[in-house]
Each structure stands twice: as C-alpha cells, then as structure tokens.
Amino acid sequence: MRADVRNWFHRRTYRSRWSPAALAACKEDQTISVVLPALDEQDTVGAIVTTLKDAVVDEVPLVDELVVVDTGSTDDTVAVATEAGARVVSAGEIRPELGHRPGKGEALWKSQFVTSGDIVVFLDSDLIGVGPHYVAGLVGPLLDDPAVSFVKAFFDRPVNGEGSTQVGGGRVTELVARPLLNLYWPELSGVIQPLSGQCAGRRSTLERLPFASGYGVEIAMLLDALHLVGLDGIAQVDLGRLEQSSHQSVGDLGFMAATIMHTALRRSPVRQLVPSAADLTQFSRLDGRQEELVRPVPTAERPPARSVAAHHRRMASAGAEVS
Ligand SMILES: O=c1ccn([C@@H]2O[C@H](COP(=O)(O)OP(=O)(O)O)[C@@H](O)[C@H]2O)c(=O)[nH]1
Ligand SMILES: O=C(O)[C@@H](COP(=O)(O)O)O[C@H]1O[C@H](CO)[C@@H](O)[C@H](O)[C@H]1O
C-alpha cells in the first residue's frame, strides 16, 4: 500500500464507536434518511425495518425517515416492509416521467427524489442481524468530521450463511473489484469493502454523482466520489460481522462481475477501449450437454440527481407542463 494510502487508511478507518443517542444529540439540524433497496426480500426486510425503526427512529430520534425502495418484488416484500413501519415506494412510481430501469442502482438513484435527509444511508435489505450500530457507524464519521462526504462499511463476510465462521463472501470484490482498483486506482487500495452496499453520504455529494442503474452502482459511486471529493473525503467503518440471507450463484456473480468491470473500466485510463454495449455469454453443463445463456451487460447510468432537479426547475419556470 502506498505511503499516502497508508496515511489515509489510518486517518479514515473508523470503528463503529458512536452510540445512536450521542449522534442524535450532536446532529443538530442535520436530517438523516435510511434507504433500503429491495427485490424479493420478504424474509429479511421486516426484521431490518423493525430493528431500525425501534432503535433509531422511535427510541432514539437519530433517523428521520426509513424508506424501502422496491424494484418490482413479486413476493410479500412491500407488505412486510409496510407492516414493519417503513415508507415503501416503488422505484417505477418515482418520477415516472424519467422512465424506469431495473436494477439496484435505479432504486438508489430514484430514492433521492423521495427522501430529504442531509445524510443518506444505503443498506441492503437481504442482511441478517442488522443492528442500530450499522446506521450509527455509517453516520458517525459524517457527523464527526465535515471533511468526510462518503462512508463505506466493511465487515466479516461469511459465505455459508448464519453462524458460519468461514469467511469468503465478497467473491466479486476479491476476484474483480479489488484487482481492478489496485491496477487503475491504487489510491483506493486501502478500501476494505469497495463494493459494500452498506454506505452513507452527504446528499450534497450524492446528488452530484451519476448512478449506474444495475450492480455497477457501488463501484461507480466509489470512483466518482473519489473524483469529486478526493480520497480524504472518503472514510470506511468497521461494522463487525455481516450476514446475508442468501448468496448468488457463480453464474449470477459472473454477470455482476461483468457489470462492475464495464462500469469501472469506462472510468479508467483505457476507457476508450471499452465498448458502449456488451453481451455476456455464459454456459451451463448438465449430463454432458451445455446450454448457452447470453445477457446484455447493463451499462445504463443515470445523471446526477442535482442536474435533473435543476432541469425540472428550468422547465417549470419556463411554464412547460411538468408533473
Ligand atoms: O434489481 C435489484 C437487485 C438487487 N436489489 C437489492 O440490492 C441489494 C443487494 O442485492 P443482491 O443481494 O442481489 O446483491 P449481493 O448482496 O448478493 O451482492 C438487496 O437489498 C437487493 O434486494 C434491488 O433492489 N434490485
Ligand atoms: O462483495 C461482493 O463480491 C458482492 C457479492 O457478495 P457475495 O459473494 O454474494 O457475498 O456483493 C457486493 O457487491 C454488490 C455489487 O456491488 C453489492 O450490490 C452488494 O451490496 C455487495 O455486498
């Protein structure tokens, strides 16, 4: 690790040492939104919402709004999240005039139009054992130091589900994202979980970032935050152990990897060599026969929300019919 990165690592790597009560006492007039993107997460989203609503909304007024952005669940995610006390919105119904795309990144981008917190916390909704320290740990560095604009969480990544001691999750991180970052962005080589879906940022920063619509959203957010606020504007916090309810198949992680590679390389020194569109051809073998699966790699990105809002205001002032 380069000396400058080692220096960053020591200054900007935090433990989740803040209590929600202490943060609530010091946040003054700053407001905090927690956003959970969800696709078919009925088994886990309810416990996350209940835990956070009880601990950091009702008992301690740290969080001002808790929003689940559903991206087309076909299970009971919406009902479960609503029953648990979250405000649930469908990504497709947020600013419909802007169109709708599938994907996690679309949910995070559109969440900016239905939330108002000065600080926005993003948490995956497939996690097990989420505690208030997840929110306190992500918000702490932002309330602690005005020079920090974006915070990524890091944690143990067991791969065999609840109770497993075998660390190995984060396969796309270890096989794709980390090697790419070390190659083209060595200043980010100290980021322990660069793809973490557990992150937080100042709205004033997030609204100036483009959002990749699919699984490229995290790598894009990290690279674009580096460009916008510099390494010292980025921090990371240790959240201890993180359990996910399920782990994707290697084939699906391959599709995630292709999306992340494409999203990152379009920001790299070799961006000119990256095709604007690409397909991923994969194979599955059964009983001596293989089947082909060809999927287009999602490359769509949304512009910074700030530019959309400004355009909206210009249209409105020009008297154009805007919804
Ligand atoms: O099209 C999508 C894909 C994912 N997600 C959500 O994004 C988070 C992370 O997705 P996933 O679990 O698929 O990724 P992994 O955690 O396996 O990297 C979860 O809360 C998903 O419900 C979503 O809202 N829409
Ligand atoms: O870290 C990773 O390699 C991937 C896959 O994790 P697993 O191998 O399924 O534990 O998960 C991360 O990346 C996704 C894409 O950026 C994010 O959406 C997830 O939140 C994050 O956990």
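Residues numbered from 1 in each chain as written. Chains lettered and ligands numbered in written order. Predicted model: local features only at pLDDT ≥ 70, side-chain atom pairs only at ≥ 80, totals over all residues. Heavy atoms only, no water.

As recorded in an unreviewed UniProt entry, the chain goes by the name Glucosyl-3-phosphoglycerate synthase, listed as coming from Amycolatopsis vancoresmycina DSM 44592.

Asks: Go over the site of ligand 1 with me, naming the residues and quoting the values.
Replies: Near ligand 1 there are 14 residues, and of these E41, S125, D126, Y215 and Q244 occur at the shortest range. In this structure, L39 approaches ligand 1 through a main-chain N or O atom, which is 2.9 Å from an oxygen atom. D126 places a polar side-chain atom, nitrogen or oxygen, 2.8 Å from an oxygen atom of ligand 1. Relative to its unbound accessible surface of 520 Å², ligand 1 loses 85% to contact with the protein. More than half of the atoms belonging to ligand 1 lie within 2 Å of the grid points that define the largest pocket. Split by residue class, the shell around ligand 1 holds 5 nonpolar, 5 polar and 4 charged. (Near = heavy atom within 4 Å. Polar contact = N/O pair within 3.5 Å; in protein donor to acceptor, adjacent residues only side chain to side chain. Areas by Shrake-Rupley, 256 points an atom, 1.4 Å probe, with all protein chains shown as cover. 1 Å grid on protein atoms, 1.4 Å probe; cavity = no way out; pocket = protein on both sides within 12 Å on 5 of 7 lines; lining within 4 Å. Sits in = over half its atoms within 2 Å of the grid points. Nonpolar A, V, L, I, M, F, W, Y, C, P; charged D, E, K, R; others polar.)

Asks: Any chance you could break down the layout of surface pockets for me, citing the residues and the numbers?
Replies: Over the atoms, a rolled probe matching the size of one water molecule traces out where space is still vacant. Approximately 1100 Å³ is the volume found for the largest pocket. Taken together, 43 residues form the lining of the largest pocket, with K104, D126, Y215, Q248 and M256 sitting closest to its centre. Of all the secondary structure elements, the ones that give two or more residues to the lining of the largest pocket are β2 (32-38), α7 (171-184) and α10 (250-265). Across the lining of the largest pocket, the residue classes tally to 16 nonpolar, 16 polar and 11 charged. (Points joined across faces, edges and corners; volume = space filled by probe spheres on them. Helix = DSSP H or I, 4+ residues; strand = E, 2+ residues; numbered from the N terminus.)

Asks: Any chance you could break down the pairing of strand β3 (residues 65-70) for me, citing the residues and the numbers?
Replies: In terms of burial, β3 is largely enclosed, as 6 of its 6 residues are buried. What you see with β3 is no split at all: E65, V67 and V69 on one side and L66, V68 and D70 on the other are buried throughout. Relative to β3, β2 runs parallel, the two sharing 6 bridges. Within β3, the residue paired with V34 across the bridge is L66. Assessed by its sense of winding, the connection that carries the chain from β2 through helix α3 (residues 45-59) to β3 is right-handed. Alignment of β3 against strand β4 (residues 87-90), held across 4 bridges, turns out to be parallel. Bridged to V67 within β4 is R87. Each parallel crossover has a hand, and for β3 linked through helix α4 (residues 77-84) to β4 it is right-handed. (Buried < 20%, exposed > 50% of the residue type's maximum accessible area, 1.4 Å probe, protein only. Pairing = 2+ DSSP bridges. Right-handed = clockwise from strand over helix to strand, strands pointing away.)

Asks: Pulling in residues and values, what's your account of the packing of aromatic side chains?
Replies: The final tally for this structure, using the stated rule, is 3 aromatic pairs. When the ring of Y14 is compared with that of W18, the centres are 5.6 Å apart and the planes differ by 45 degrees; the resulting orientation is tilted. The exposure class assigned to Y14 is buried, which follows from its relative accessible area of 9%. Owing to a relative accessible area of 12%, W18 belongs among the buried residues under this scheme. With a centroid separation of 5.9 Å and an interplanar angle of 75 degrees, the aromatic rings of Y184 and W185 are classed as edge-to-face. Judged by relative accessible area, which is 26%, Y184 ranks as partly exposed. Above the face of the F113 ring, R95 is positioned so that its terminal group lies 5.1 Å from the ring centre. Against the face of F255 rests R295, its NZ or CZ located 4.3 Å from the ring centre. (Phe/Tyr/Trp six-rings, centres within 6.5 Å; stacked < 30°, edge-to-face > 60°. Lys NZ or Arg CZ within 6 Å of the ring centre and 35° of its normal.)

Asks: Give me the packing of helix α5 (residues 104-111) against helix α9 (residues 217-229): which residues, what numbers.
Replies: Relative orientation of the contacting elements α5 and α9 amounts to 50 degrees, with a least axis distance of 9 Å. In terms of orientation, α5 lies oblique with respect to α9. Along the contact surface, α5 presents K104, G105 and L108, while α9 presents V217, E218 and M221. Per-class residue counts for the contact of α5 with α9 are 3 nonpolar, 1 polar and 2 charged. (Axes fitted to C-alpha atoms, helices over the stretch in contact; angles between N-to-C directions. Parallel < 35°, antiparallel > 145°, perpendicular 65-115°, else oblique. Contact = heavy atoms within 4.5 Å.)

Asks: How would you summarise empty space enclosed by the protein if you had to cite specific residues and measurements?
Replies: On inspection of all chains with the given rule, the structure shows 1 cavity of 30 Å³ or more. If you go around the largest cavity, the residues you meet are A212, S213, G214, H262, T263, R266, P298, T299, A300 and E301. Of the residues contributing to the lining of the largest cavity, the split by class is 3 nonpolar, 5 polar and 2 charged.

Asks: I'd love a proper account of the site of ligand 2, names of residues and values included.
Replies: For ligand 2, the set of nearby residues contains 17 residues, the closest of which are D124, R171, V172, T173 and E218. Contacts to ligand 2 include V172, whose backbone N or O atom sits 2.8 Å from an oxygen atom. Take G197: an N or O atom from its main chain is 3.3 Å from an oxygen atom of ligand 2. Protein coverage of the free-state accessible area of ligand 2, which is 500 Å², stands at 96%. Structurally, ligand 2 is housed in the largest pocket. For the shell around ligand 2, the secondary structure elements donating two or more residues are α7 and α10.

Asks: An account of the environment of E83 is needed here, citing residue identities and associated values.
Replies: Structurally, E83 is set in helix α4. The class for E83 is exposed, based on a relative accessible area of 70%. Once the C-alpha coordinates of E83 and W185 are considered, the two residues, 102 residues apart in sequence, prove to be 43 Å apart.

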